[in-house]
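Below, each chain spelled out in residue letters.
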Protein chains: 2
Amino acid sequence: MAIDPSSIFSKLGAFTSDHDSIVSMNLFVALLCACIVIGHLLEENRWMNESITALIIGLCTGVVILLTTGGKSSHLLVFSEDLFFIYLLPPIIFNAGFQVKKKQFFRNFMTIILFGAVGTLISFGIISLGAKYIFEGFNLRRLDIGDYLAIGAIFSATDSVCTLQVLNQDETPLLYSLVFGEGVVNDATSVVLFNAIQSFDLSHINSGIALQFIGNFLYLFILSTLLGVLTGLLSAYIIRKLYFGRHSTDREVALMILMAYMSYMLAELFYLSGILTVFFCGIVMSHYTWHNVTESSRVTTKHAFATLSFVAEIFIFLYVGMDALDIERWRVVSDSPKKSVQFSSILLGLVLIGRAAFVFPLSFLSNLTKKSAHEKVSIRQQVIVWWAGLMRGAVSMALAYNKFALSNTKDKKNAFVITSTITVVLFSTMVFGLMTKPLIRLLLPSPKHLVRMASSEPTTPKSFIVPLLGNGQAIESNQSVPRPSSLRMLLTTPTNTVHYYWRKFDDGFMRPVFGGRGFVPFVPGSPTDRSNH
Amino acid sequence: MAIDPSSIFSKLGAFTSDHDSIVSMNLFVALLCACIVIGHLLEENRWMNESITALIIGLCTGVVILLTTGGKSSHLLVFSEDLFFIYLLPPIIFNAGFQVKKKQFFRNFMTIILFGAVGTLISFGIISLGAKYIFEGFNLRRLDIGDYLAIGAIFSATDSVCTLQVLNQDETPLLYSLVFGEGVVNDATSVVLFNAIQSFDLSHINSGIALQFIGNFLYLFILSTLLGVLTGLLSAYIIRKLYFGRHSTDREVALMILMAYMSYMLAELFYLSGILTVFFCGIVMSHYTWHNVTESSRVTTKHAFATLSFVAEIFIFLYVGMDALDIERWRVVSDSPKKSVQFSSILLGLVLIGRAAFVFPLSFLSNLTKKSAHEKVSIRQQVIVWWAGLMRGAVSMALAYNKFALSNTKDKKNAFVITSTITVVLFSTMVFGLMTKPLIRLLLPSPKHLVRMASSEPTTPKSFIVPLLGNGQAIESNQSVPRPSSLRMLLTTPTNTVHYYWRKFDDGFMRPVFGGRGFVPFVPGSPTDRSNH
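Procedures and definitions
Residues numbered from 1 in each chain as written. Chains lettered and ligands numbered in written order. Predicted model: local features only at pLDDT ≥ 70, side-chain atom pairs only at ≥ 80, totals over all residues. Heavy atoms only, no water. Helix = DSSP H or I, 4+ residues; strand = E, 2+ residues; numbered from the N terminus. Buried < 20%, exposed > 50% of the residue type's maximum accessible area, 1.4 Å probe, protein only. Contact = heavy atoms within 4.5 Å. Areas by Shrake-Rupley, 256 points an atom, 1.4 Å probe, with all protein chains shown as cover. Phe/Tyr/Trp six-rings, centres within 6.5 Å; stacked < 30°, edge-to-face > 60°. Core = buried A, V, L, I, M, F, W, Y, C linked by side-chain atoms within 4.5 Å. Salt bridge = Lys/Arg side-chain N within 4 Å of Asp/Glu carboxyl O. Axes fitted to C-alpha atoms, helices over the stretch in contact; angles between N-to-C directions. Parallel < 35°, antiparallel > 145°, perpendicular 65-115°, else oblique. Left-handed = near helix turned anticlockwise from the far one by under 90°. Disulfide = S-S within 2.5 Å. Expected span 1.5 Å × (residues − 1). Lys, Arg positive; Asp, Glu negative; His and termini not counted. Patch = residues over 30% accessible without salt bridge, like charges linked within 9 Å, V, L, I, M, F, W, Y side chains within 5 Å. Nonpolar A, V, L, I, M, F, W, Y, C, P; charged D, E, K, R; others polar.

Tell me about the overall build of chain A, and name the residues and values.
Within chain A, the secondary structure is distributed over 23 helices and zero strands. Across the 533 residues in chain A, those meeting the buried criterion constitute 62%. Within chain A, contacts between residues at least 6 apart in sequence are counted, and of these 82% link residues at least 24 apart. Of the roughly 20300 Å² of accessible surface on chain A, a fraction of 69% belongs to carbon and sulfur atoms.

So what's going on with the packing of aromatic side chains? Residues and values would help.
For any two aromatic rings, the description comes down to two numbers: the centre-to-centre distance and the angle of the planes. Across all of its chains, the model carries 46 aromatic pairs over all chains by this definition. A ring pair is formed by F105 of chain A and F106 of chain A, whose centres lie 5.3 Å apart and whose planes are at 85°; its orientation type is edge-to-face. For F106 of chain A, a relative accessible area of 38% puts it in the partly exposed group. Between F180 of chain B and F279 of chain B the ring centres are 6.3 Å apart and the planes differ by 45°, which places this aromatic pair in the tilted class. Of this pair, F180 of chain B sits in helix α9 (residues 173–199) while F279 of chain B sits in helix α12 (residues 274–287), placing them 99 residues apart in sequence. Residue classification places F180 of chain B among the buried residues on the basis of a relative accessible area of 9%.

Describe in detail the nonpolar core, supporting the description with residues and values.
Formed by 293 residues in total, the largest nonpolar core has its most connected members in F84 and F279 of chain A together with F84 and F279 of chain B. Non-local contacts of F279 of chain A, meaning those with residues more than four positions away in its chain, are made with I93, A96, G97, F105, F180 and V184 of chain A.

Could you give me a rundown of the pattern of salt bridges, with the residues and numbers involved?
For the structure shown, the criterion picks out eight salt bridges over all chains. Salt bridges sharing common partners tie together D506, D507 and R511 of chain A.

Let's hear about the environment of N186 of chain A: which residues, and what values?
Residue and element names in this part refer to chain A. Looking at the element boundaries, N186 is found in helix α9 (residues 173–199). Under the relative-accessibility criterion, N186 is labelled buried at 1%. The spacing of N186 and I112 is 74 residues in sequence and 9.5 Å in space, taken between C-alpha atoms. The contact partners of N186, leaving out residues within four places of it in the chain, are G116, T120, S156, A157 and T158.

For the packing of α9 of chain A against helix α16 (residues 379–388) of chain A, give the residues involved together with the corresponding values.
A pair of packed helices can be characterised by two numbers: the angle between their axes and the separation between those axes. Residues and elements named next belong to chain A. For the pair α9 and α16, interaxial distance at closest approach is 10 Å and the crossing angle is 25°. Classified by the interaxial angle, the pair formed by α9 and α16 is roughly parallel. The two elements α9 and α16 meet at a crossing, and its hand is right-handed. Contacts from L174, L175, L178, V179 and E182 in α9 reach Q381, I384, V385 and A388 in α16.

Tell me about the state of the cysteines, residues and numbers included.
Within this structure, the stated rule accounts for zero disulfides over all chains. Of the cysteine sulfurs around C33 of chain A, a residue in no disulfide, the closest is that of C35 of chain A, at 9.3 Å.

Tell me about α12 of chain B, residues and numbers included.
An ideal rise of 1.5 Å per residue puts 20 Å on 14 residues; α12 of chain B measures up with 20 Å between its terminal C-alpha atoms. Within α12 of chain B, 14 of the 14 residues are buried, leaving the element largely enclosed by the surrounding structure.

I'd like a description of the environment of S24 of chain B, backed by residues and values.
Following the sequence through the fold, S24 of chain B ends up in helix α2 (residues 19–41). For the pair S24 of chain B and Q104 of chain B, spaced 80 residues apart in sequence, the C-alpha to C-alpha distance is 43 Å.

An account of the side chain of D159 of chain B is needed here, citing residue identities and associated values.
All names here are of chain B. Counting through the fold element by element, D159 comes out in the loop between α7 (145–154) and α8 (161–166). No salt bridge is formed by the buried D159, whose closest oppositely charged neighbour, R392, lies at an N-O distance of 8.7 Å. With near-sequence residues (within four places) excluded, D159 lies in contact with F317, A388, M391, R392, G393 and A394.

Run through a nonpolar patch on the surface, naming residues and quoting values.
Side chains of I214, L218, Y219, I222, L223 and L226 of chain A sit close together on the surface and give an oily, nonpolar patch of about 550 Å² of accessible area. Mapped onto the elements, L218 of chain A comes out in helix α10 (residues 207–242).

So what about the packing of α9 of chain A against helix α12 (residues 274–287) of chain A? Which residues, and what values?
Residue and element names in this part refer to chain A. In contact at an axis separation of 8 Å, α9 and α12 are set at 145° when each is read in the N-to-C sense. Across the interface between the two elements, F180, V184, D187, A188 and V191 from α9 touch I275, L276 and F279 from α12. When its residues are assigned to classes, the contact of α9 with α12 shows seven nonpolar, no polar and one charged.

Printed below as a string of structure tokens:
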């Protein structure tokens, strides 16, 4: 008998084609669980939040792996842009659109676009120019003009997750919608910008190209938004027509998830901005589609999207933490540690300046157009908006990898930019992130605003229970009844006039066709019927 | 100005690293949506069901792609075992365990194991031996002993999804639990068997090796089950301890999904049977963990798991349909079409015989141990059990690819086995599948049993609404109160005595530790409190 029992055990029962990857996946899933549990335990902590926890756990794991493999590797998974841009980013952005308070978002729409698009361009310009002149003056590195512009785009991509975890949507609706909306538009702007730079011939820049650039920019913004809205409406229409009176929760949930994902992929197919598309698809789906499905589907989709987004965020921070210790790149820059620190500090300084350079002037401009005091952005709120956008996160990492990691890692220039990006991401997320809770507590000394802080659910549990007990019409009732203040403003500000006509159009044409709150008639077996059994 | 505007558009806004794959993904997601919509429309049809719809849509798409690419390819995605065994199978099997009616399942546990494990071994033996003698006699192909045993394992893996879509868990609980349980145990048995064959030295078979084989088999079964139970209990314990009085739906849902997935990956890590592990993890999670979470989490997990499983099933059938037209393989066998048809028909015949050879004798054996008439498997039910296991599906395909597609596809022997597998899978799913609804209607002429047929939800909507309105304790109330018949049987049959002691142990020790129905005390903010707001 020439059989080795250990080899039998090792092959019986499993496809062992790639056992190493199974080990990695186990570890990674276990780490995700650990992040969730530890994040929950630290919820009441005055400094920590989920992102920082995941980042620190990632770093620690990286160290452990580095030590156990004898300094060879600190990775469990290989960072792939595709993984990030095709699987992790879409659920986060879609959920952002799905859970956003639409009324607040659209009321501050112009300010959000001003901060998100114009602000990001200003920040991009300052960081690019600053990097160019300082680094050339210091004779630090020889980078070409394309590299400087790419650095500008990379360090203009903010990550406001940390701040959003601390802010409360109900307590400070204006501030929340500003920080939140700016974050999404900023993501889209910096990715579009980054891709635009890569495709333009940068050797001769003139005003014609600049105009063309702005034209393309607007074209992308408008088309991406339209695509998202159309996909959302299509999903509402299909579910409304097909499932009328005969519902199947699993099919509805599957269709919503698949169509949300398809909106993103369609945008990528047509070379549009998937981030904007999936964001607006989320908004439309929560306004129409979500009201056409069963109670069970509503609860399931709300929480399934939130959970997906939550896990994707933790995944990214965990990964960034682990990836920060890529030993190959650090080895390349280790012969000039002083230069490396200088490089990173200068970039961090440019980030601080670049952000201050647009938040305060643009807030001033925005305040000029507002008449009522509580619509204006106070100076304290401006500081928080400025602070919220100081953190750099996974988008910066992904863009840096895209531009500077495709060629070999031993190239000194590339290693320098990537290690600086990692340094800036880690420093800003950890140091600025840890200071966020105390800072906001200092600037907004509301007794209540920290009650629900760091909860991963932007909507309170109440809002899910109400539609389950009632007829699904109780939800958003506080939004549909015009408040006294909005009635008054209707006569004074143009935004509310737009809102008034939108409501007329929505109630008169859109909702009868696409469904929506209060426009799903009662039929036996339909969502409105289910809850009475 | 040397800029081509089209190239700007083509690069602005999207990472175009692999645009072809984006096209494929869009098409695939669109096809999944189409399958769901068409499946819903055909729900009332007397022949069709979701699997067959997906298979046909897959075939049609394959033809279209074949024509548009000029006969080069019929694929959108490359079939990968990893995709199947790591991403698609786990949610299906987990959901099976999560939604199964545990009492029925454990009451028929011995019969299920008899059919699923012993039956699969009998079927495997008959198909292997039959193939060996017939093909050697016909001088059809020269295959070695390992190939014949692999063919036996490949064609012993059944796919009872079609039948389960037609059967009703409430109308025919015994039959449903038999077909359902046998399906899961059969999946695990055939995968374990297949791997065992690959790792054993088949040149000298003797009784010692056979004993060792059976020993390993039992070892795998017991350890896999234990691992699943332990992971499930761990999840229950963690959620019960951590979330006591302070719940977060997203974290709970994320933890449940991640730990369910981890149970599968852990089993693969330890070379155990992931299928069995994740199945028992599902059972334990639905018995303990599910009762420790908020109402919203309960609804979300139930439907999220069902949806994942539903999409994965459609995905598989769609894929199998598309993959059936792999032109390379058909070209290789096209010079001997007669032999190819003979080969497939013989295999199909062996499948029919192999299944009949154990269903009827084992049913007879099982009936001998049962005293009450309504616990016995009637002859009509035996025919349905036999029929339910005639279909061959994705597991067969994946196993066939694993063994016969790793070497080059132009090898004649390999192409022959794979095309025959595709033929048997397509023929059995389409022809037998189409006849399933009429056959069951003929054999079980109950007026009610077709009311909810082909619904993708194994549990009725009622069971979700009840716990949302009450305190979460109303669910399963029909199971917890011992029925008169089970009280009577308690005294006569050993199964129920086991069940009685299990209940005592469960109520006395397990539930106080791990939570479960009725054992989650009332605390403000806890699940039992939420629903009262």
